[in-house]
Amino acid sequence: NLPRDWWRTSTVYQVYPKSFKDTTGSGTGDIRGVTEKLDYIKGLGIDIVWLQPVYVSPQNDNGYDVADYYNIDPAFGTMEDFDELVRELKRRDMHLMIDIVVNHSSTEHRWFKEAKSSRNNPYRDYYIWRDPAADGGPPNNWQSKFGGSAWQYDEGTGQYFLTLFDKTQADLNWENDKVRQEVVDLLTFWAKKGVSGFRMDVINLISKEQSFPMDDGSVPPGDGRRFYTDGPRVHEYVKELNAKVFAPYNLVTVGEMSSTTMEHCIRYSNPNEHEFSMTFNFHHLKVDYPNGQKWELKPYDFEELKQLFSDWQVGMQQGGGWNALFWNNHDQPRALTRFTDDGEYREESAKLLATTLHGLQGTPYVYQGEEIGMPDPKWNDISEFRDIESLNMYEILMQRGKTPDEAAHIVRVRSRDNSRLPMLWDDSDQAGFTTGTPWIKIDERYPLINAKSQVEDPESIYHHYRRLIELRKKLPVLTDGTYERLDEGHPRVYAYARKNAEQILVVISNFSREEVQFELPGRFTANLSAAHSKELLLGNTKDTPDLAASIKLPPYGSYMWVVN
Ligand code: TEU
């Protein structure tokens, strides 16, 4: 009974359950912990909670290796706990979006165990098997995202199977209509349980070029591109899921496109294509990757960052697509450390990032801890890391000739564990996350950085997010306004305007620790002289600068005005 496209004014809160709240003393978070904290999430004005995988899993990739799509892993609780979470969300007029991981399953899944048992097992073609190459090696040179060959050899049946991620994550064969039917069935099962949406994990990898061509390096280098993303039948497959499940249940869906193009994202998210509601693309989170390479370091390119935001705002609007807006998730280091100052100007920086993102067109995602300004941890030793990708890459970097210190430094900067430390609830023991031994260390700054203190402080980062989320409900220009960049390549400032027939919204942020006197472009100041009202909606310092031709911006100052 929700109106079509209801999610265009929504904000999503992303919960990494393993690190959210532990109610049993196991040291890992659980579903009841999420339910316990719904009032905290509701307090932000959140509409949708994205719950990351809690299905049966050996946890080699923290649940993105699913061994049973229909049951909850006991580590996270029971199906009754899940049903209670759905009820408690609905009672608060919130919605549940669950994570769907169907590019691959765990090799512990019964389908894979059957498939591996013999070449003519009925489940054999649920996965992707190929004979060894002439030299006995892997069928081609594709590399796994987590390091090493993307092919694992099975002695028992003398063939290789494809694993684009961990060697225990076997790619499903979507060419097989039985696999596609299995996916429709499992999506229908969860839709019937009352979920309102799906986040589709690496969904643009599900269609592979069946000739499995060698990676000849012609495809632009970069994180993920080598997987031949957006394959020949990908849109056909997604349209089938939409027709059979997304549309009938009026679900909100977001496709995670780990490497893609704007053209594809327009096709994936334009409502007339009947595919997804929106897409995650990652171009803006590669501006500190030298030549697109994640495991090399360089300072981030601010101009490229602003240009990418601008290109995607204009391009997706022109194409009728819809962006999932995000700075953070469980696979990325925290933006607060990556793009701004997580020390002296931590609070200003956290609010600056929020204002800059939430002023854009799309549906914003808030990743747990972002709303209280959690920074990357201070790492002391490689033994503190848990992420399979990070641990593999530590070894690979040394094989590539890096010293242990160099390799450890790169892992500290790039590791997905940077965003996976437990949520900091209060200043009680272990930040109120667990009474047991946490599965990964807890950031010892919790006496200074915790949710409780921020809920109680009206000037906190938490309440800054609450105001931005509230504005999205109140100001149509945030949803339907056009986008125009105003900073003309300024080395420190990102400024843009959103316009519709009624009003103009202006967002100006100083991404530096220097004070800046910013000059608005002449073409824009004409709008100001014609305006009959200008209002500062939100700022992140005690200053209340007037929107004028020349504006003084303090270090990491960020402001949002509305012009009528
Ligand atoms: O991530 C897709 C992916 O490519 C990630 O490895 C991420 O984009 C990359 O590390 C950033 O450089 C999804 C899930 O979000 C991730 O947690 C899983 O590990 C992965 O798929 C496999 O399921």
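Residues numbered from 1 in each chain as written. Predicted model: local features only at pLDDT ≥ 70, side-chain atom pairs only at ≥ 80, totals over all residues. Heavy atoms only, no water.

The protein chain goes by Alpha,alpha-phosphotrehalase in an unreviewed UniProt entry, where it is assigned to Paenibacillus woosongensis.

A.B. asks: Can you tell me about the overall build of the protein chain, naming the residues and giving the values?
C.D. replies: Counting its regular elements, the protein chain contains 16 helices and 22 strands. Relative to a compact globule of 564 residues, whose C-alpha radius of gyration would be 24 Å, the protein chain shows 23 Å and is just as compact. Each of the three principal axes of the protein chain carries a C-alpha extent, and together these read 75 × 55 × 50 Å. Summed over its atoms, the accessible surface of the protein chain is roughly 20,500 Å², and 49% of this surface lies on carbon and sulfur atoms. Across the protein chain, the mean location of the 64 positive side-chain charges is 2 Å away from that of the 85 negative side-chain charges. (Helix = DSSP H or I, 4+ residues; strand = E, 2+ residues; numbered from the N terminus. Rg over C-alpha atoms; globule rule 2.2 N^0.38 Å. Areas by Shrake-Rupley, 256 points an atom, 1.4 Å probe, with all protein chains shown as cover. Lys, Arg positive; Asp, Glu negative; His and termini not counted. Charge placed at Lys NZ, Arg CZ, Asp CG, Glu CD.)

A.B. asks: Can you tell me about helix α10 (residues 346-358), naming the residues and giving the values?
C.D. replies: With 13 residues, α10 extends 18 Å between its outermost C-alpha atoms, agreeing within 8% with the 18 Å of an ideal straight helix rising 1.5 Å per residue. For α10, the buried fraction is high: 11 of the 13 residues fall into the buried class. Residues Arg346, Ser349, Ala350, Lys351, Leu352, Leu353, Ala354, Thr355, Thr356, Leu357 and His358 constitute the buried set of α10. (Expected span 1.5 Å × (residues − 1). Buried < 20%, exposed > 50% of the residue type's maximum accessible area, 1.4 Å probe, protein only.)

A.B. asks: Just give me the short version of empty space enclosed by the protein, but keep the residues and values in it.
C.D. replies: Per the counting criterion, the structure on display carries seven cavities of 30 Å³ or more. Of the voids in this model, the largest cavity is the one considered here, and its volume is about 330 Å³. Along the walls of the largest cavity sit 27 residues, with Lys145, Phe165, Glu256, Asp331 and Arg416 positioned nearest its centre. Its residues assigned to classes, the lining of the largest cavity shows nine nonpolar, five polar and 13 charged. (1 Å grid on protein atoms, 1.4 Å probe; cavity = no way out; pocket = protein on both sides within 12 Å on 5 of 7 lines; lining within 4 Å. Points joined across faces, edges and corners; volume = space filled by probe spheres on them. Nonpolar A, V, L, I, M, F, W, Y, C, P; charged D, E, K, R; others polar.)

A.B. asks: Go over the sheet that holds strand β22 (residues 558-563) with me, naming the residues and quoting the values.
C.D. replies: Pairing is antiparallel in the open sheet, where five strands are placed in the order β16-β17-β18-β22-β20. Of all strands in the sheet, those with a lone pairing partner are β16 (482-485) and β20 (534-539), marking the two edges. Neighbour-to-neighbour, the strand axes of this sheet turn through a mean angle of 20°, independent of strand direction. Sheet analysis places β16 next to strand β17 (residues 493-499), joined by four bridges and oriented antiparallel. Residue Glu484 lies in a different strand from β17, and its bridge partner there is Ala497. Packing against the sheet, helix α8 (residues 302-319) makes contact with β16 and β17, and its axis sits at approximately 155° to β16. (Pairing = 2+ DSSP bridges. Axes fitted to C-alpha atoms, helices over the stretch in contact; angles between N-to-C directions. Contact = heavy atoms within 4.5 Å.)

A.B. asks: I'd like to hear about the packing of helix α7 (residues 262-269) against α8, residue by residue, with values.
C.D. replies: The interhelical angle for the contact between α7 and α8, taken along N-to-C directions, is 45°, at an axis separation of 10 Å. Classified by the angle between their axes, α7 and α8 sit oblique to one another. The two elements α7 and α8 meet at a crossing, and its hand is right-handed. When α7 is examined against α8, the residues Met262, Cys265, Ile266 and Ser269 are found in contact with a partner set consisting of Asp311, Trp312, Gly315, Met316 and Gly319. Classifying every residue of the contact of α7 with α8 by side-chain character gives five nonpolar, three polar and one charged. (Parallel < 35°, antiparallel > 145°, perpendicular 65-115°, else oblique. Left-handed = near helix turned anticlockwise from the far one by under 90°.)

A.B. asks: Help me get a handle on the pairing of β17, residues and values and all.
C.D. replies: Counting buried positions over the seven residues of β17 gives six, a clear majority of the element. Relative to strand β18 (residues 504-510), β17 runs antiparallel, the two sharing seven bridges. Of the residues in β18, the one forming a bridge with Tyr496 is Val507.

A.B. asks: Give me helix α12 (residues 404-414): which residues, what numbers.
C.D. replies: For α12, the complete set of buried residues consists of Ala407, Ala408, Ile410, Val411 and Arg414. Along the axis of α12, the buried residues cluster in a sector spanning 160°; they form a single face. Buried residues along α12 sit in contact with α11 (388-399). (Arc of directions from axis to C-beta.)

A.B. asks: Tell me about the side chain of Ser196, residues and numbers included.
C.D. replies: With respect to the helices, strands and loops of the structure, Ser196 is situated in the loop between α5 (177-192) and β11 (197-200). Ignoring anything within four residues of it in the chain, the contact list for Ser196 reads Lys90, His95, Leu96, Asn250, Leu251 and Val252.

A.B. asks: Please provide a residue-by-residue account of the pattern of salt bridges, values included.
C.D. replies: Applying the stated criterion to the full structure yields 47 salt bridges. Linking Lys21 and Glu36 is a salt bridge whose minimum nitrogen-to-oxygen distance equals 3.6 Å. One end of the pair, Lys21, is in the loop between β1 (12-15) and α1 (31-36); the other, Glu36, is in helix α1, and 15 residues separate them in sequence. Take Glu36: its relative accessible area is 46%, and that puts it in the partly exposed class. The shortest N-O distance in the salt bridge between Asp154 and Lys116 comes to 3.4 Å. Placement of Asp154 in strand β8 (residues 151-154) and of Lys116 in helix α4 (residues 110-117) is noted, with a sequence separation of 38 residues between them. The exposure class assigned to Asp154 is buried, which follows from its relative accessible area of 4%. (Salt bridge = Lys/Arg side-chain N within 4 Å of Asp/Glu carboxyl O.)

A.B. asks: Break down the sheet that holds strand β14 (residues 324-325) for me, with residues and values.
C.D. replies: Reading across from one edge, β13-β12-β11-β5-β2-β1-β15-β14 is the order of the eight strands in this open sheet, with parallel pairing throughout. Two strands close off the open sheet at either side, each with one partner strand: β13 (278-281) and β14. Pairing of strand β12 (residues 252-257) with β13, which is carried by four bridges, proceeds in the parallel orientation. In the strand pairing of β13, Met257 is matched with Asn281.

A.B. asks: So what's going on with the nonpolar core? Which residues, and what values?
C.D. replies: If you look at soluble globular proteins, the nonpolar side chains tend to sit buried side by side. Counting 130 residues, the largest nonpolar core has Tyr13, Ile41, Phe82, Leu96, Phe198 and Tyr365 as the members making the most contacts within it. Residue contributions to this core peak at seven residues, all from α5. The residues contacting Phe198, other than those within four sequence positions of it, are Met97, Ile98, Ile100, Leu187, Trp190, Ala191, Val245, Phe246, Leu251, Val252, Thr253 and Val254. One finds Ala497, Leu520, Leu553 and Tyr559 within the second-largest nonpolar core, a separate group that totals 18 residues. (Core = buried A, V, L, I, M, F, W, Y, C linked by side-chain atoms within 4.5 Å.)

A.B. asks: Provide a residue-level description of unusual backbone geometry, including the pertinent values.
C.D. replies: Even without being glycine, Asn291 reaches a positive phi, approximately 55°. Residue position: Asn291 is located in the loop between β13 and α8. The exposed category is assigned to Asn291, whose relative accessible area is 58%.

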